[in-house]
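# Close look at the chain arrangement
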Amino acid sequence: MTSIDSVTLGAYDPAAATRFYDAAFGLGSQVRVRASETPATGFRGFTLSLTVSQPGTVNGLIDAAVAAGASVVKPATKSFWGYGGVVRAPDGALWKIATSAKKDTGPATRQIDQFVLLLGVEDVVATKKFYVARGLTVGKSFGRKYVEFAARPDSIKLALYGRRALAKDAGVSPEGTGPHGLTIGGGDGSFTDPDGFAWEVATVVR
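Read on for an overview of the structure. Note that the structure is a prediction, hence the values are computed from the model and not measured.

Quick notes on the rules
Sequence order sets the numbering: in each chain, residues are counted from 1 along the sequence as written. Where local features are concerned, this predicted model is filtered to residues with pLDDT of at least 70; where side-chain atom pairs are given and counted, the filter is 80 or more; whole-chain, interface and lining totals use all residues. The basis for every side-chain value is the complete set of heavy atoms in the structure, and neither hydrogens nor water enter the calculation. Any residue under 20% of the maximum accessible area for its type is buried, any over 50% is exposed, and the rest in between are partly exposed; the area is computed with a 1.4 Å probe on protein chains only. Labels follow the DSSP assignment, with helices taken as runs of H or I lasting at least four residues and strands as runs of E lasting at least two, numbered in each case from the N terminus. Here, the arc refers to the directions that run from the helix axis to the C-beta atoms. The contact rule is simple, with two residues in contact once any of their heavy atoms fall within 4.5 Å. Two N or O atoms form a polar contact when they lie within 3.5 Å of each other; inside protein one atom must be a possible hydrogen donor and the other a possible acceptor, and for residues adjacent in sequence the pair counts only when both atoms belong to side chains. For two strands to be treated as a pair, DSSP must find at least two bridges joining them. Note on handedness: a crossover is taken as right-handed if, strands pointing away from the viewer, the path from the first strand over the helix to the second is clockwise.

Once that is clear, we can look at helix 3 (residues 124-133). Every buried residue belonging to helix 3 is among V124, T127 and Y131, and all of these are buried. Taken down its axis, helix 3 places every buried residue within 70 degrees of arc, on the same side. Seen from the open side of helix 3, the exposed residues pointing more than 90 degrees away from its buried face are K129 and A133. Considering only its buried residues, helix 3 is in contact with strand 8 (114-121), strand 10 (146-149), strand 11 (157-162), strand 14 (191-192) and strand 15 (198-200). Where helix 3 starts, the residue carrying a side-chain oxygen 3.1 Å from the main-chain nitrogen of V125 turns out to be D123. In the segment just after helix 3, G135 is the residue with positive phi, at about 110 degrees.

Structure below.
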């Protein structure tokens with residue numbers, strides 16, 4: 001099974017972006033940063049989602065992100081599916097922190113249960129077929145709306161969503177220009193998917 005070991009985000013100030021991610025989420029080598037000189041505006045076509053156990057942990061991670069320099073896009077709030085909010089990192093990446101629980105059951109922690117990369121694509125079915133052909137296994141699929149691929153417990157899960165639907169979920173306009181500013185690390189080779197998202201072989205960081 002092809003898996004995602006890391007994501008690399010483009011930033012004008014890689015050192016500052018690295019400090020932000022260490023302070024905000026503590027994801028270690030799963031999130032890397034490299035210099036980007038190509039400007040991008042608006043929605044980049046993807047979001048990064050951290051699933052946690054309870055609302056208190058959501059609030060703690062959002063507060064840590066804001067303290068480190070993020071801006072709030074969608075304040076954390078309850079909904080029919082649980083509790084969560086969205087922040088924009090200083091490099092421009094959108095992060096959703098959420099839980100399916102609506103009440104705390106213990107002290108808040110910084111424990112992250114699942115890290116998910118959601119790609120906003122033009123044709124969910126076509127991109128699903130592309131990734132299945134690359135060796136990914138479908139975990140959940142809801143027709144043309146959403147696809148989630150199976151992943152190892154220690155890896156980043158990949159999911160596909162329509163671009164407009166993903167932007168709406170994040171609380172931003174779907175419009176955007178320029179590069180995605182994202183490179184996906186994993187698999188057995190370098191390639192680019194139908195929506196322009198680039199993959200490369202992940203290097204081991206010791």
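What follows covers the pairing of strand 2 (residues 31-35). Here strand 1 (residues 4-11) runs beside strand 2; their pairing, made up of 5 bridges, is parallel. Within the sheet, the bridge partner assigned to G10 lies in strand 2 and is R34. Following the backbone out of strand 1, through helix 1 (residues 14-24) and into the adjacent parallel strand 2, one traces a crossover that is right-handed.

Turning our attention to the environment of G26. Checked against the element boundaries, G26 lands in the loop between helix 1 and strand 2. The spatial distance from the C-alpha of G26 to the C-alpha of W81 is 26 Å, given a sequence separation of 55 residues. In this view, G26 contacts Y21 and R110; residues no more than four positions away in its chain are not counted.

Along the chain, the position of S155 falls in the loop between strand 10 and strand 11. A distance of 2.9 Å separates the side chain of S155 from the backbone oxygen of R152, its partner in a polar contact. When sequence neighbours within four positions are dropped, the list of residues in contact with S155 reads S3, I4, Q30 and F115.

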